[in-house]
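This is what each chain is made of:
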Amino acid sequence: MIQRSYTYRLYPSNAQSVVLTEMLGAFCDLYNAALPQRIEAYRRQHKTLGYFDQSSELKAVRAVDERLAGFSYSAAQQVLRRLDKAFAAFFRRLKTKAKAGFPRFQAKHRFDSAAFRVGDGLTIRKSKRLGITGVPGEIKVKWHRDLPASAKLGAAVLSRSAGKWFVCFQVTVPDGDVQQRDGASVGIDVGLSSLIATSDGETVATPPWTTHAAKKQRRLQRALARCKRGSKRRLKAKQRLARHSAHTANQRRDVLHKLSRSLVERYAVIALEDLDVDRLARSMLAKAVHNAAWGQLRRFLAYKAASAGTRVEAVDPRGTSQTCPACGAGVAKTLAERTHTCPCGCVMDRDVAAATVILQRAQAMGPGTGLRSSSQRVAA
Ligand SMILES: [Zn+2]
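Summarised in this report is the structure supplied together with it. Note that the coordinates shown come from a computational prediction; the quantities given were computed from them, not determined experimentally.

What follows is about a positive patch on the surface. A contiguous patch of positive charge on the surface is contributed by K215, K216, R218, R219, R222 and R226. Relative to the helices and strands, K216 is located in helix 6 (residues 209–226). Since its relative accessible area comes to 30%, K216 is described here as partly exposed.

Here the focus is the coordination of the zinc ion. The protein atoms that coordinate the zinc ion are C324 (SG), C327 (SG), C342 (SG) and C344 (SG), at distances of 2.2 to 2.3 Å. Of note is the zinc ion, whose 4 donor atoms meet at the metal with angles of 103 to 114° in an arrangement that counts as tetrahedral. Spacing between the donor residues of the zinc ion along their common chain follows C-x2-C-x14-C-x1-C. Within this pair, whereas C327 is found in the loop between strand 12 (311–315) and strand 13 (339–341), its partner C344 is found in the loop between strand 13 and strand 14 (347–349), the two being separated by 17 residues in sequence. Given the relative accessible area of 42%, C327 is considered partly exposed.

Moving on: the pattern of salt bridges. All told, the structure shown has 12 salt bridges when counted by the stated rule. As a salt-bridge pair, E40 and R43 come within 3.2 Å of each other at their nearest N and O atoms. You can see E40 and its partner R43 sitting in helix 1 (residues 14–45), 3 residues apart, about one turn around the helix. Given a relative accessible area of 28%, E40 falls into the partly exposed group. Between D316 and R318 there is a salt bridge whose closest N-O contact spans 2.8 Å. Residue D316 is classed as partly exposed on the basis of its relative accessible area, which comes to 34%. Through salt bridges with shared partners, a single network forms among D29, R67 and K108.

On the basis of which strands lie adjacent, the open sheet formed by 5 strands has the order 10-9-8-11-12 and mixed pairing. Every other strand in the sheet has two partners, leaving strand 10 (203–205) and strand 12 as the edge strands with one partner each. Pairs of neighbouring strands in the sheet enclose a mean axial angle of 25°, with direction left out of account. Pairing geometry for strand 8 (residues 185–190) and strand 9 (residues 194–198), over 3 bridges, is antiparallel. Within strand 9, the residue paired with V190 across the bridge is I196.

Judged by nonpolar contacts, the single largest core of 40 residues is most densely connected at F27, L130 and I132. Elements that contribute at least two residues to this core include exactly strand 1 (2–11), helix 1, helix 5 (73–95), strand 2 (113–118), strand 4 (130–132), strand 6 (152–161) and strand 7 (164–173). In terms of residues, this core owes the most to one element, helix 1, which gives 11 residues. What L130 contacts, discounting residues up to four positions off in sequence, is L10, L122, T123, I124, R125, G137, E138, I139, V141, V167 and F169. Membership of the second largest hydrophobic core comes to 19 residues, among which are V204, L256, L263 and L272.

This structure, assessed with the given rule, holds 11 aromatic pairs. Measuring from ring centre to ring centre gives 5.1 Å for F90 and F102, while their planes differ by 80°; the resulting arrangement is edge-to-face. With F90 in helix 5 and F102 in the loop between helix 5 and strand 2, this pair connects stretches of sequence that are 12 residues apart. Take F90: its relative accessible area is 9%, and that puts it in the buried class. Looking at F102, the relative accessible area reads 40%, which means it is partly exposed. Geometrically, the ring pair formed by W143 and F169 is stacked, given 6.1 Å between the ring centres and 10° between the ring planes. Here W143 is found in the loop between strand 5 (140–142) and strand 6, whereas its partner F169 is found in strand 7, with 26 residues between them in sequence. Look at W143 and you get partly exposed, because its relative accessible area is 21%. A network of ring pairs unites the aromatic residues F87, F90, F91 and F102 as a single cluster. The ring centre of F111 lies 4.1 Å from the NZ or CZ of R82, which sits over that ring. Sitting over the ring of Y11, K140 keeps its end group 5.7 Å from the ring centre.

Attention now goes to unusual backbone geometry. Despite not being glycine, K128 shows a phi value in the positive range, around 65°. Structurally, K128 can be placed in the loop between strand 3 (121–124) and strand 4. We note that A162 has phi near 50°; this positive angle belongs to a residue other than glycine. Take A162: it is sitting in the loop between strand 6 and strand 7.

This part covers the pairing of strand 2. Note that strand 2 and strand 6 share 5 bridges and pair antiparallel. By the bridge assignment for strand 6, A114 is matched with L158. Judged from the 2 bridges that link them, strand 2 and strand 3 form a sheet pairing that is parallel. Looking at strand 3, one finds that R117 is bridged to G121.

The subject of this paragraph is the packing of helix 7 (residues 232–266) against helix 9 (residues 293–308). Across the interface, helix 7 lies against helix 9 with an axial gap of 9 Å and an inter-helix angle of 40°. The angle between the axes of helix 7 and helix 9 places the two elements in the oblique class. Our pair here, helix 7 against helix 9, has a crossing hand that is right-handed. Contact residues: helix 7 offers R252, R253, L256, H257, L259, S260, R261, L263 and V264, while helix 9 offers A293, Q296, L297, F300, L301, Y303, K304, A305 and A308. In terms of residue class, the contact of helix 7 with helix 9 is made up of 11 nonpolar, 3 polar and 4 charged.

Basis of the calculations
- Residues numbered from 1 in each chain as written.
- Predicted model: local features only at pLDDT ≥ 70, side-chain atom pairs only at ≥ 80, totals over all residues.
- Heavy atoms only, no water.
- Patch = residues over 30% accessible without salt bridge, like charges linked within 9 Å, V, L, I, M, F, W, Y side chains within 5 Å.
- Areas by Shrake-Rupley, 256 points an atom, 1.4 Å probe, with all protein chains shown as cover.
- Salt bridge = Lys/Arg side-chain N within 4 Å of Asp/Glu carboxyl O.
- Lys, Arg positive; Asp, Glu negative; His and termini not counted.
- Charge placed at Lys NZ, Arg CZ, Asp CG, Glu CD.
- Helix = DSSP H or I, 4+ residues; strand = E, 2+ residues; numbered from the N terminus.
- Buried < 20%, exposed > 50% of the residue type's maximum accessible area, 1.4 Å probe, protein only.
- Donors = N, O, S within 2.8 Å, 3.2 Å for Na, K, Ca; no water.
- Tetrahedral: all angles 85-135°; square planar, octahedral: opposite > 155°, others 65-115°.
- Pairing = 2+ DSSP bridges.
- Axes fitted to C-alpha atoms, helices over the stretch in contact; angles between N-to-C directions.
- Core = buried A, V, L, I, M, F, W, Y, C linked by side-chain atoms within 4.5 Å.
- Contact = heavy atoms within 4.5 Å.
- Phe/Tyr/Trp six-rings, centres within 6.5 Å; stacked < 30°, edge-to-face > 60°.
- Lys NZ or Arg CZ within 6 Å of the ring centre and 35° of its normal.
- Parallel < 35°, antiparallel > 145°, perpendicular 65-115°, else oblique.
- Left-handed = near helix turned anticlockwise from the far one by under 90°.
- Nonpolar A, V, L, I, M, F, W, Y, C, P; charged D, E, K, R; others polar.

All we've got here are geometric facts, nothing functional implied.
Listed below in C-alpha cells is the structure:
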C-alpha cells in the first residue's frame, strides 16, 4: 500500500469562510484549554493525563460549549490527539536530550488546520462539493486532478494558508501491480551551485527566481520588524510576507514535481545520499539545501518511484564529494572548489563527480552489479 496525499483548493463563500475561521478558533480554544488541564493534573496529583482521559470529557465540554458543539465531534477529538502528539514528541525529545520545547499555547491566527475523517464531519457530496459539519451549505472545491479511482479515503486535513483554504486527502492506494522495471541507473547529488547534478553529467540549475524571492523575503521580513506590535500596518505586512512565502513554496513545489517526474520516467534506479536534511540545513550548507528543497525532492522521488517501479537507493553519504569516481582515491576539496581534479587524470564538475560516486556506491550494494561497469562508463 502506498500512502499519498492530494491537496485541493477550496472556494468557500464569505459566509462559509467566516464559519470556517470560527471553527478553527473553537478548536484552538479547545487545545488551549486542554493544555493547562494536563499541566494542572500533573502539578496537583502527579497524574499524567493522556488522550483517552481528555477525550472522555469531551462530551461534557461540548454540553456547555455551544460553539464547539456545533462542529464535528471527531474533529474535536483530533485536536486532543494533536495535543497528545505534542506531548509525546516533547517526552521523546527529553529522552534523547534534544532541545525539549514544552507544548505551547497556540495563537488563533496560527492555528491553521483541523483534521477530519472522511465521511465523518467532512464529506464529499454528490455535487462534488464539500460538506463540513457546522458549516452552512456546500463548499466549492477545485478538483484540478482526480482522486485515484481505487483510492481508500482516510483522513482529510482542512487548512488555511495566507488567506486561502485547502483540503488535503490522505489516500491509500494499492501497489500490488507495480513491478520493478529495467533501465538505466543514475546517481544524483545536491549541487552547491546547481539544484542537482546527475552522474550522467547533467546539472539542473537553481531557478533564477530563487535569489530574487529570497531577497524579497528578507525585505518583507525587515518591513514587518519595523512595524509596531498590534498595529494594523503590522498585520498588513504580515499578510504580505505570508502571501509571498506561500507563492514561493508553490513555485518550488512545481519545479520539484517536474524534476522528480522527469527523473523517475528516465531511470529505473535512482541513487542518492542518505542525508539528514535537518542536520545539513543547520550547517553552513544551508543555502545549498535551498530551503529544504532537497528533502522535498527526495519525498517526491520516493512516492513517484513507488508507483512507477523505479528503485530509489540511499547510500552512505560520507566523503562522496571527496572521492575520485575514476580511481577511488581521496581528493580533498574545499567548498569553494568547483572542479574535481585527480592525479589519475580524471577532471570533472565537482557535483557530477559526487553524483557518480553515489551511483557507484548504490551499484556496489545493489543486486549483481559492481563498481566496474560504472567506472568504465565514466572513463568513456
Ligand atoms: Zn582519480
